[in-house]
Amino acid sequence: MTALESTILGFPRIGAHRELKKLVEGFWSDKISEATLLMEAKALRAKHWKVQHDAGIDLVPSGDFSFYDLVLDTAYTFGAIPARYQALPAGFTQYFAMARGLQKPASEATGNHAIDVPAMEMKKWFDTNYHYIVPELTADQSFALVADPQVVQHTREAKAQGLAPKPVLIGPVTFLLLSKPADREAIDAFQPLRFAAQLGTQYRTLVQQLADAGAQWIQVDEPCLGLDLNPEIEAAYRTAYAELTHDLPSSVRLMLTTYFERVGDRMDLIAELPVHGLHVDLVRAPRQLSEVMAHLPAQWVLSLGVVDGRNVWRTDLTAVVECIQPVVTELGCARVWVSSSCSLLHSPFSLEFETALDPEIQTWLAFAVEKLAELRFLARAATLPSLEAVSSDAMLSADLKANQVAFASRRGSNRVVDSTVQSRVRGVTPNMIRRSAAFTERYAQQVDRLQLPLFPTTTIGSFPQTREVRSARLKLKRGDLSQAEYNSFIKQETEQCIRRQEGWGLDVLVHGEFERTDMVEYFGEQLAGYIFTKNGWVSSYGTRCVKPPIIYGDVHRPQPMTVAMSAYAQSLTAKPLKGMLTGPVTCLQWSFVRDDQPRQVTATQLALAIRDEVADLEAAGITVVQIDEPAIREGLPLRRSDWDAYLQWAVDAFLLSSTGVKPTTQIHTHMCYSDFNDIFPAIQRMDADVITIENSRSDLKLLGAFAAHGYPNAAGPGLYDIHSPRVPSVQEMVDRVQALLQYLPRDRLWLNPDCGLKTRGWLEVEAALRHLTQTAARARTECLGTQAQ
Ligand code: MET
Ligand SMILES: [Zn+2]
């Protein structure tokens, strides 16, 4: 039967059982040789292509495989290797040093000098939870294509397997826009787009080599086309693509690939570029289709990203068929492809290994492998004239029916819809997102009630998750420890933790979070509306994977989640004990979310559940509650014009979770590892009594925001970085307090580390926190910050 070309933008390279992680980590720890790593990785690629081919995918991506990260690979391919790595042996040593840094003592092998080079920076890939390596460019950067680039090798491999490979490249302009200056000082003068022509020329050589390796179509990823553009960026697109395509043989065809955002309003620019097709993300931005169609140059192929590459739900095949059949009618079969919206890198591998999921919910899901089958179906169904024709087609009708049954079950399921939750959401009033007293009034009452000294000291929540803690958890899981034994172990750890904090003289204590593996999972497991997979891993960075929980239904809290533990911890001490919760936006952001209702509604449901928890904590005598929102900035839309709408509901969700308390109950929030400057007004609107915020990695920047906007409530910008075992001296922290006092008045400054301490060891935690309380003592006696503010 006739069918459109089907393709995907990339496959989960990590493997069905995280094989690639194990291989690479095995290589790092010298358990396997370089030759074995190369051979096994090759076998894994071949296996993945076979899976795709067997599922009916016509154009299989090549070059979507990486040993660490594709942006790093692109930098490597074009010789953009920062100076500090240039003396290292080319190949894996250099490559992994760029990814993870390299430390080696002096030896003969190192030429008798010690090696100590830090890694390149990592950043979030657009609005996903995947992190890429940030390329570093010098002011006079030159690019030179390496010999036999990896993407060319992989294209040959796929070809040799008898397939039609479609090499994947990160486009030149997106690559440049994601780069940063090698020299930190040069940030203001940094103009990466100046390299558009030079880099375009190097890409042309690469494209030529890919053509020689047998590729007809080349996928050039330019997700930056969906972001805010300006004339300079537009000019860079024209220049880079003119160079890239100059004198290329006409047999080579370029698929300009966009995702994560709409580009329908950029069609003027796009249509000018000398490419042969455009891929659009119709999952994220379905409404752009008509604009794209209206301006698509004649002869171009349109690749329709209709299967969600970054969520776990089955595609609504009925709706998609109805949407794309008219496109095929208008453009003809030869000019339309069906594809995943973005790379399936962001999707778990296969449902096949989920043996413990609720069977009904399982029918609503599609992971990467299941998405391939959907594409095969769509490639065929889209060529028929109508939905009726699909329903009566011998090859397609059964699949359509099964899909419709799954959707009907999901839509009508009382597992999804909880009318009590829905009516609570509708009943949220402005009064519910407002504290009953203004900050100044309530803070004075809190200081009084909690007997807080000047410069109060606290921590962010977690304390070392030692081997004992992890092994107790494992034993519980295996049944080697009863629930009662485990609980009493956790209680002992908690008690010790409280005693230690008292001993060091901290003012506001925490219970230590020993019962939690992950700050979202812990709450998800106790909330209705969440499920957890066994094997739903997705790449986070390098070899690291995460297993986000899935929100499938209306969220509510069947019973208190943290009250017993917090009350127990409070019963051990006369000092105030801070109850620890994860905020609604962070729960949303770090989960796979529903696609059948706006994220805002899910956030509101989460907020109501947490609001109930806060109320119960307050009723149980907890006087301080911290609601962590480290992920609030990550949820920002990619275009600035969409920011306000998001920040409105995201901050409202936080307020809904946090404001249902008496003025004397102190609300903390915590944020870390994001650039918070440009959302500072939103942070102010969150109106937490105290914000503890990571500050040591982005030092000056954050303080700049405090200076520019002022901060009306109390704040604890972190006094030291928790990512290193290094123990800062008292003097160092005193100096930092002095610096902070330039921006915050002494009676609103808190002293604390940057973030939770769960990755640290007790020895260094003890030393650092003793220094922290000594810092507070010095700040108090030396009357730091007495100047008028
Ligand atoms: C990523 S923010 C972590 C906050 C949490 N309360 C902790 O201390 O671990
Ligand atoms: Zn943190």
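Bear in mind the structure is a predicted one, so any value in this text is a computation, not a measurement. (Residues numbered from 1 in each chain as written. Chains lettered and ligands numbered in written order. Predicted model: local features only at pLDDT ≥ 70, side-chain atom pairs only at ≥ 80, totals over all residues.)

Enquirer: Please give an account of the overall build of the chain that cites residues and values.
Expert: A count of helical and extended segments in the chain gives 28 helices and 23 strands. Computed over the C-alpha atoms, the radius of gyration of the chain is 28 Å, within 12% of the 28 Å expected from 2.2 N^0.38 for a compact globule of 789 residues. Considered along the principal axes of its C-alpha atoms, the chain spans approximately 75 × 70 × 55 Å. Excluding contacts between residues fewer than 6 apart, the proportion of contacts in the chain whose partners are at least 24 apart in sequence is 78%. (Helix = DSSP H or I, 4+ residues; strand = E, 2+ residues; numbered from the N terminus. Rg over C-alpha atoms; globule rule 2.2 N^0.38 Å. Contact = placed C-beta atoms within 7 Å.)

Enquirer: Describe helix α1 (residues 19-28), and please don't skip the residues or the numbers.
Expert: Those residues of α1 that sit buried are Leu20, Leu23, Val24 and Phe27. When α1 is viewed along its axis, its buried side chains cluster within an angular range of 90° and face the same direction. The elements touched by buried residues of α1 are α2 (34-54). Looking one or two places after α1, you find Asp30, whose phi comes out positive at around 60°. (Buried ≥ 20, exposed ≤ 12 C-beta atoms within 10 Å, placed from the backbone. Arc of directions from axis to C-beta.)

Enquirer: Describe the nonpolar core, naming the residues involved and giving the relevant values.
Expert: Ile218, Leu304, Val306, Ile324, Val338, Leu378 and Ala382 are the most contacted members of the largest nonpolar core, which has 214 residues in total. Counting contributing residues, this core receives three or more from each of domain 1 (5-75 + 149-412) and domain 2 (419-781). Setting aside anything within four residues of it in sequence, one finds Ile218 in contact with Lys166, Pro167, Leu169, Val207, Leu210, Val252, Leu254 and Met255. (Core = buried A, V, L, I, M, F, W, Y, C linked by C-beta atoms within 7 Å. Domains from an automatic or database assignment.)

Enquirer: Any chance you could break down the UniProt feature "binding site: L-homocysteine" (unreviewed entry) in the chain for me, citing the residues and the numbers?
Expert: The positions UniProt marks with the feature "binding site: L-homocysteine" (unreviewed entry) are Ile460, Gly461, Ser462 and Asp628. Across 169 residues in sequence, these annotated residues keep their C-alpha atoms within 11.8 Å of one another, forming a single compact spot. Along the chain, Gly461 falls in the loop between α17 (439-450) and α18 (467-478). Excluding anything up to four places from it in sequence, Gly461 contacts Val510, Glu513, Met580, Gln626 and Gly756. Of note, Ser462 is situated in the loop between α17 and α18. Beyond its immediate stretch of four places on either side in the chain, Ser462 contacts Gly512, Glu513, Gly756, Leu757 and Lys758. (UniProt positions renumbered as here; feature names shortened; annotations may be inferred.)

Enquirer: I'd love a proper account of the packing of helix α23 (residues 599-619) against helix α24 (residues 643-658), names of residues and values included.
Expert: Running from amino to carboxyl end, α23 crosses α24 at an angle of 20°, the nearest separation of the two axes being 7 Å. The orientation of α23 with respect to α24, classified from their angle, is roughly parallel. For the pair α23 and α24, the sense of crossing is right-handed. On the side of α23, the interface is formed by Gln600, Ala603, Thr604, Ala607, Leu608, Ile610, Arg611 and Val614, while α24 contributes Trp649, Ala650, Ala653, Leu656, Ser657 and Ser658. (Axes fitted to C-alpha atoms, helices over the stretch in contact; angles between N-to-C directions. Parallel < 35°, antiparallel > 145°, perpendicular 65-115°, else oblique. Left-handed = near helix turned anticlockwise from the far one by under 90°.)

Enquirer: Quick one: what's the story with the domain arrangement of the chain, residue by residue and with numbers?
Expert: Per the domain assignment, the segments making up the chain are domain 1 (5-75 + 149-412) and domain 2 (419-781). Listed by partner, the interface residues are 26 residues for domain 1 and 18 residues for domain 2. Per element, the largest residue contribution to the side of domain 1 that touches domain 2 is three residues, and it comes from α1. In the side of domain 1 that touches domain 2, the residues fall into 13 nonpolar, five polar and eight charged. (Nonpolar A, V, L, I, M, F, W, Y, C, P; charged D, E, K, R; others polar.)

Enquirer: Provide a residue-level description of the site of ligand 1, including the pertinent values.
Expert: Surrounding ligand 1, one finds 13 residues, the nearest of these being Ile460, Gly461, Ser462, Pro630 and Gly756. Partitioned by chemical class, the residues of the shell around ligand 1 number six nonpolar, four polar and three charged. (Near = placed C-beta within 6 Å.)

Enquirer: Now, about the packing of helix α27 (residues 730-740) against helix α28 (residues 762-781): what can you tell me, with residues and values included?
Expert: Between α27 and α28, the shortest axis-to-axis distance is 9 Å and the interhelical angle comes to 50°. It follows from the interaxial angle that α27 and α28 lie oblique. Here α27 runs over α28; the crossing is right-handed. Of the residues in α28, those touching α27 at Val730, Met733, Val734 and Val737 are His771, Leu772, Gln774, Thr775, Arg778 and Ala779. Partitioned by chemical class, the residues of the contact of α27 with α28 number six nonpolar, three polar and one charged.

Enquirer: Please set out the sheet that holds strand β11 (residues 253-257) residue by residue, giving values where relevant.
Expert: Across the sheet, which stays open at both edges, the eight strands sit in the order β1-β14-β13-β12-β11-β10-β8-β2 with parallel pairing between neighbours. Both edges of this open sheet fall to β1 (5-6) and β2 (59-62), since each of them pairs with a single strand only. (Pairing = 2+ DSSP bridges.)

Enquirer: With reference to specific residues and values, describe helix α3 (residues 70-77).
Expert: Residues separated by three or four positions in an α-helix point in the same direction, a consequence of the helix having 3.6 residues per turn. A large share of α3 lies buried, amounting to eight of its eight residues. Within α3, the full set of buried residues consists of Leu70, Val71, Leu72, Asp73, Thr74, Ala75, Tyr76 and Thr77. Those residues of α3 that are buried lie in contact with α4 (92-100), β6 (131-133), α5 (150-160), β8 (164-170) and α6 (172-177). Positive phi appears at Gly79, one or two residues downstream of α3, with a value of about 70°.

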